[in-house]
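# Working through the structure, step by step
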Amino acid sequence: MESTFHGIAVSPGIAIGPVLVFDVDRFDIPNYAITDVKGELRRLARAIVETRNELTHLYKKTAAELGEAHADILNVHLMLLDDVEMRDTLNARLRSEQVNVEYILHTLAEAYSQTLSNIDDPVFKDRADDLADVVDRVLRHLLDEVRPDLQHMNGPSLVVSHELSPSDTATIDQKNLLGVVLDSGSLTSHTAILTRALGVPAVMGLEHLSSHIEHGIEIIVDGKAGLVILEPEPETIARYQAKKVEEEREKEKLKKTASRHVQTLDGVHIATQANVALPIEVRQCKDLSAEGIGLYRTEFLFLNRDTLPDEEEQLEAYCMVCKAMAPHPVTLRTMDIGGDKFVAHLQGLREDNPQLGWRAVRFCLERPDIFKTQLRAMLRASACGKIQIMFPMISGVGELRKVKAVLEEVKQELRDEGIAFNEDVPVGIMIEVPSAVALADLLAKECDFFSLGTNDLIQYSLAVDRVNEKIAHLYEPAHPAVIRMLYHVMTIAEKFKIPCSVCGEMAGDPRFTELLIGMGVTGLSMAAIALPTVRGEINTINMDTARELVQSVLDLELADDVNAALDAHHDLRWGALASREGTAS
Ligand code: PEP
Ligand code: MG
């Protein structure tokens, strides 16, 4: 019987098709007596060789597609296969207990994982996960089970899972992937970012839905509405098929405007740029004619690995993006690790309040070795093309001066070494902490540009953890307090004659385009897939009307009122356009 579930709308689009339940835990471990110990050891040795081949292949594929940084975790898994202590214990138990090798391996690995998980250190918890992953592969080879991997899917399917690891997502069979449905996840999770980069409809945060879904059943995913419909009735399928055709037609129509000069009806150009986290995203940015990268989340170079990227590796990544986007500018944000982007080997123990914790420049200022290496790479990249450097989470003038002082030190080192860089590289800050809003006039005097990080600004000003599904309904971009803060920052930026863009999710939400433009935003940077829609909006906007909208909204008391005003303006604009087109034809 048809049933509908609501989750977090992570990546837009409609997908209809059969389910592939990706559940690496679904298989039984047999337990039986054996007499041929040597035979069991031979079976194990064969399974280890097969696992090694599988992991080596996966390593090469990931390194080629996403870069070595993202493949590093598979190296860790390969090393675990050589753990001498574990092998010795396994041999000893096999001889003394005389039961099948998969049973011994399974119980041994469970005991090791348990010990590692009990240690109050995230590094050991991560090791426990790595061990479970590798043992799972060996067991499947022993049992001749095919590990459900997502590299070779049996025809077009929607992947349903409790969660997807970055290594599984990175190696997914893109040809056959129709959509993604996850119990876990949030808009800013690594996997969510990858689904948007791949342009695949995705709904996440569905709690326990995956355990109620059977392999092969038909489902519909509406990534824009955040809906998952199980076993839809024929008329529902027909309705969504029509909706899919309509959405795709609309997308194609909008794409045609992608290469056009984006401007309001009265000729004001608004830079429409893309946000990226991974090098693979650059292709899509170019396809959609992004006018540069307004936010390069460089911290993704530091995630899912145990070693730091050195200066050369970082330089290569920054120059690659910069050259690909030339002649447009690329804004490199210094690493924003911490919060929900926790890096165990750098940050030690997980914090109780990570969003209020050791994050971004707070971390960088205490680890000048890591910070300076990144700044050196960024400055050197400024010799490859148009680069801007942006600092995240700036909370006040003192902090800005400190990070700029480190930048100055690095510049001096490069000068002393005779290494080329752009002396005038623009330096800007993200405005995403409420204290920075209050001090915008002081900050504007000491930097070259502002970029409003609305994701964090909303989280911090409304005190709503942006990744907590339980309070997601309180995360309200149209909250009057947020609207007033955005207006204040843009007014200050205009007064001090510095550009002010928006790079949080609000920039890619067409409901806010007119309001932001009316406030004086100079650029909008968003997930590349949002570019055509937002450009379509910009082309219908009149500056005077947009400014009127701002004035009318500033006095409103409730988020609902703001949303209603935005909707009314939106309908008016599109209605007027339709009647103009009607008159013209
Ligand atoms: C933001 O906070 O709005 C932003 C763009 O940065 P991030 O989402 O990476 O925190
Ligand atoms: Mg942020």
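Residues numbered from 1 in each chain as written. Chains lettered and ligands numbered in written order. Predicted model: local features only at pLDDT ≥ 70, side-chain atom pairs only at ≥ 80, totals over all residues. Heavy atoms only, no water.

## What about the packing of helix H10 (residues 311-325) against helix H13 (residues 368-381)?
Note the threshold: Helix axes are fitted only over the stretch in contact, all axes being lines through C-alpha atoms; the angle between N-to-C directions runs from 0 to 180 degrees. The numbering of helices and of strands both runs from the N terminus, where a helix is a DSSP run of H or I of at least 4 residues and a strand a run of E of at least 2. Each angle receives one of four descriptions, namely roughly parallel if under 35 degrees, roughly antiparallel if over 145, roughly perpendicular if within 65 to 115, and oblique otherwise. Helix crossings fall into two classes, left-handed where the near helix is turned counterclockwise from the far one by less than a right angle and right-handed where it is turned clockwise. Any two residues having at least one pair of non-hydrogen atoms within 4.5 Å are treated as being in contact. Only Asp, Glu, Lys and Arg are considered charged in this grouping, and only Ala, Val, Leu, Ile, Met, Phe, Trp, Tyr, Cys and Pro are considered nonpolar; every other residue, Gly among them, is considered polar.
Look at H10 against H13: their axes get within 8 Å of each other, and the N-to-C directions meet at 40°. As judged from the angle between their axes, H10 and H13 are oblique. Once H10 is placed against H13, the crossing between them reads as right-handed. Side by side, H10 and H13 meet where Glu311, Glu312, Gln314, Leu315, Tyr318 and Cys319 of the first sit next to Thr373, Gln374, Arg376, Ala377, Met378, Arg380 and Ala381 of the second. Classifying every residue of the contact of H10 with H13 by side-chain character gives 6 nonpolar, 3 polar and 4 charged.

## Some remarks on the state of the cysteines
Joining two cysteines, a disulfide is a covalent bond between their sulfur atoms. Here is the rule: Cysteine sulfur atoms that pair up within 2.5 Å are treated as a disulfide. Partly exposed describes any residue whose relative accessible area lies between the buried limit of under 20% and the exposed limit of over 50%, with all areas from a 1.4 Å probe on protein chains only and scaled to the type maximum.
One pass over the structure, following the stated rule, counts 1 disulfide. In this structure Cys285 is a free cysteine whose sulfur lies 14 Å from that of Cys322, the closest cysteine sulfur available. When its relative accessible area of 0% is taken as the criterion, Cys285 is described as buried. Of all cysteine sulfurs, the one in Cys503 lies closest to Cys364, which takes part in no disulfide; the gap is 16 Å. For Cys364, a relative accessible area of 1% gives the class buried.

## Topic: the coordination of the magnesium ion (ligand 2)
Quick reminder of the rule: With water omitted from the atoms examined, metal sites may look incomplete; donors here are N, O and S atoms no farther than 2.8 Å from the metal, or 3.2 Å in the case of Na, K and Ca.
Coordination of the magnesium ion (ligand 2) by the protein involves Glu432 (OE) and Asp456 (OD), with metal-donor separations of 2.0 to 2.1 Å. A residue pair is termed long-range when its members are at least 10 positions apart, and Glu432 in the loop between strand E13 (427-431) and helix H15 (434-438) and Asp456 in helix H17 (residues 454-462) qualify at 24 residues. Across this residue pair, the class does not change: Glu432 and Asp456 are buried.

## A short note on the sheet that holds strand E3 (residues 14-21)
Operational definition: The criterion for strand pairing is that DSSP finds at least two bridges linking the strands in question.
Ordered in space as E1-E8-E7-E3-E4-E5-E6-E2, the 8 strands form an open sheet in which the pairing is mixed. At either end of the open sheet lies a strand with only one pairing partner, and these are strand E1 (3-6) and strand E2 (8-11). On average, adjacent strands in this sheet sit at an angle of 30° to one another, irrespective of strand direction. Note that E3 and strand E7 (residues 218-222) share 5 bridges and pair antiparallel. Residue pairing for E7: Gly17 is matched across the bridge by Ile219.

## Structural notes on the pairing of strand E12 (residues 387-391)
Applicable threshold: Convention used here: a crossover is right-handed provided that the path from the first strand, over the helix, to the second strand proceeds clockwise when the strands point away from the viewer.
Within E12, 4 of the 5 residues are buried, which leaves the element mostly enclosed by the surrounding structure. Here strand E11 (residues 330-333) runs beside E12; their pairing, made up of 4 bridges, is parallel. Counted as the bridge partner of Val330 is Ile387 from E12. Pairing between E12 and E13: 3 bridges, direction parallel. Across the sheet, the residue bridging to Ile389 is Val427, located in E13. In this view, the connection linking E12 to its parallel neighbour E13 by way of helix H14 (residues 397-417) has right-handed handedness.

## A word on the side chain of Ser501
In this fold, Ser501 is placed in strand E15 (residues 500-502). With residues near it in sequence (within four places) discarded, Ser501 still touches Phe450, Ser451, Leu452, Val521, Thr522 and Gly523.

## Observations concerning the packing of aromatic side chains
For clarity, the threshold we go by: Stacked, edge-to-face and tilted are the three classes for Phe, Tyr and Trp ring pairs, Trp counted by its six-membered ring, which pair at centre distances within 6.5 Å; planes under 30 degrees apart are stacked, over 60 edge-to-face, the rest tilted.
Overall, the coordinates contain 3 aromatic pairs when judged by the stated rule. Ring centres of Tyr296 and Tyr318 lie 5.9 Å apart, and the angle between their planes is 90°; on these two criteria the pair is classed as edge-to-face. Placement of the pair is Tyr296 in strand E10 (residues 293-297) and Tyr318 in helix H10, with a sequence separation of 22 residues. Both residues of the pair, Tyr296 and Tyr318, count as buried.

## So, the pairing of E3
Of all the 8 residues making up E3, 7 are buried; the element is thus mostly covered by neighbouring parts of the structure. Note: E3 against strand E4 (residues 157-161), 3 bridges, orientation parallel. When the bridges of E4 are listed, Val19 appears paired with Leu158.

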